[in-house]
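Analysis of the macromolecular model
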Amino acid sequence: MNSVADIWKLVLEKLQAHLSATTLSTWFDETQAVAIQNKTLLLYCPSDFKRGSIESLYMDKIKDVLRDIFSSDFEVKFLSQVEFESFGKEKEKKPASLLDSGEFTFETFVVGDSNKLAYAAARAVADAPAEHYNPLFIYGDSGLGKTHLIYAVAHAIRENTPGVKIAYVKGDDLTNELVAAIQAGPSKTAEMREKYRQADLLLVDDVQFIAGRKQTQEEFFHTFNTLYESKRQIVLTSDRPPREMSLLDDRLRTRFEWGLLVDVQPPDFETRLAIIKNKAAQWGTIIEDDIAKYIAENVTSNVRQLEGTMNKILAYRDLIGKEMDEESANRAVHDMMRKSNNYVPTAAMIISEVSRYFGLEESVVKGPSRNREAVNARQAAMYLVRRMTNLSTPDIGREFGGRDHTTVLHSLEQIEKKIKQDDIFAQTIREITININSKN
């Protein structure tokens, strides 16, 4: 991990492969890196002549170096004197809400197999509100990017239509707001209705929380109808599809299903790795490939845990001056697992416990041995990794010496058959599971 000054120093070092020392000292000696914002490197140079020369002659080379460092495309912008002087003050100003920030946009969303349909649907809605999918209903477990997508929709629509009226609310907050409005009197209730029913875009996050709240559902039913009939866009997120909301009114359930339902799944290894790289780039930091892979292999639950792990590593660096290495990455991963309410063991932890239980070396369990005991342990480990983590079958194959995903599928089938046919073996799997969970 590096500060923006360190990154600029690295850029200059890499430019030495393309430019002479004289060229660098002549044109770049007064240039300083100010910040990295939204994948844009902000520079300042007091000399208009030098700045103009860099912009016309060397800008493409700087972008090429940044792409090499971050594995992602970056823009480069020079700040004017006025912008540079006011930058510190502007940086201290916080946006009124996350909807006003540039953090959650389509450009910063990492697309993979687990979320590409939801991403494509959200983009279609942003490009043509209320013309294609209304409502758009995005569902999936916590921390997988649902909120990012609805913020991205709002950000894109606001850019295309600056005067658009956007209303955002969480499901549980909607109930609290309604209760407060009713207590305050009819005028406050009317004001609340107008806020949501006059919106051009309504975003409701975690809409599952209105299920079972009779008055909230009644109010939202009429708000939904008003917006839908006037061809204004509605985007909803939930941790489950409408049909699984047992306390949701049938008339709301059918309306939620009028448009398009799309789900987001836990990201696979490649997507997790891309998220880590992308997040590092957004934060203006560099992460070594080996460390990025280590985090991606061990933090499998959701994007929020990936970000939390990286934040932990940043804290080690900033608070105790410890640069990111495998030791600090391991500690961050371990701390994140312990802090999580939904404990998800790593593949390495599961393999270690299975190996201990069967009395075998981990290298034997992960290796090519066809010894019966080794095969049993290997297949049991694959089964437990699949059951207790969010790793895909290709991910699991990588954990066991790069085996093909069809081999993993065969192992899963064999273990499932043994569990059904052999009570003693089923008890073995239960005992290993208990041992793994007891380490939380």
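Use the structure listed above.
Keep in mind it's a predicted model, so treat the numbers as computed, not measured.

A word on the packing of helix 2 (residues 21-28) against helix 3 (residues 48-57). Relative to each other, helix 2 and helix 3 sit at 130°, their axes nearing to 9 Å. It follows that helix 2 is oblique to helix 3 by the angle criterion. Here Thr 26, Trp 27 and Phe 28 of helix 2 lie close against helix 3, whose contacting residues are Phe 49, Lys 50, Ser 53 and Ile 54. In terms of residue class, the contact of helix 2 with helix 3 is built from 4 nonpolar, 2 polar and 1 charged.

This part is about the pattern of salt bridges. Applying the stated rule across the entire model yields 18 salt bridges. In this structure, the salt-bridge partner of Lys 195 is Glu 177, at a minimum N-O distance of 2.6 Å. On the criterion of sequence distance, the pair formed by Lys 195 in helix 9 (residues 186-197) and Glu 177 in helix 8 (residues 171-184) is long-range, its members being 18 residues apart. Take Glu 177: its relative accessible area is 23%, and that puts it in the partly exposed class. Where salt bridges share partners, they join Glu 270, Arg 272, Asp 395 and Arg 398 into one cluster.

Counting through the fold element by element, Gly 397 comes out in helix 19 (residues 393-399). Sequence separation between Gly 397 and Leu 409 is 12 residues, and the spatial gap between their C-alpha atoms is 9.6 Å. Not counting residues within four places of it along the chain, the set of residues in contact with Gly 397 comprises Gly 402, Arg 403 and Val 408.

Moving on to the sheet that holds strand 2 (residues 40-44). Pairing within the open sheet is mixed, and its 3 strands lie in the order 1-2-3. Every other strand in the sheet has two partners, leaving strand 1 (32-37) and strand 3 (75-79) as the edge strands with one partner each. Pairwise comparison of adjacent strand axes, ignoring direction, gives a mean angle of 25° for this sheet. Here strand 1 pairs with strand 2 via 5 bridges, running antiparallel.

Thresholds applied
- Residues numbered from 1 in each chain as written.
- Predicted model: local features only at pLDDT ≥ 70, side-chain atom pairs only at ≥ 80, totals over all residues.
- Heavy atoms only, no water.
- Axes fitted to C-alpha atoms, helices over the stretch in contact; angles between N-to-C directions.
- Helix = DSSP H or I, 4+ residues; strand = E, 2+ residues; numbered from the N terminus.
- Parallel < 35°, antiparallel > 145°, perpendicular 65-115°, else oblique.
- Contact = heavy atoms within 4.5 Å.
- Nonpolar A, V, L, I, M, F, W, Y, C, P; charged D, E, K, R; others polar.
- Salt bridge = Lys/Arg side-chain N within 4 Å of Asp/Glu carboxyl O.
- Buried < 20%, exposed > 50% of the residue type's maximum accessible area, 1.4 Å probe, protein only.
- Pairing = 2+ DSSP bridges.

Keep in mind these values describe shape, not function.
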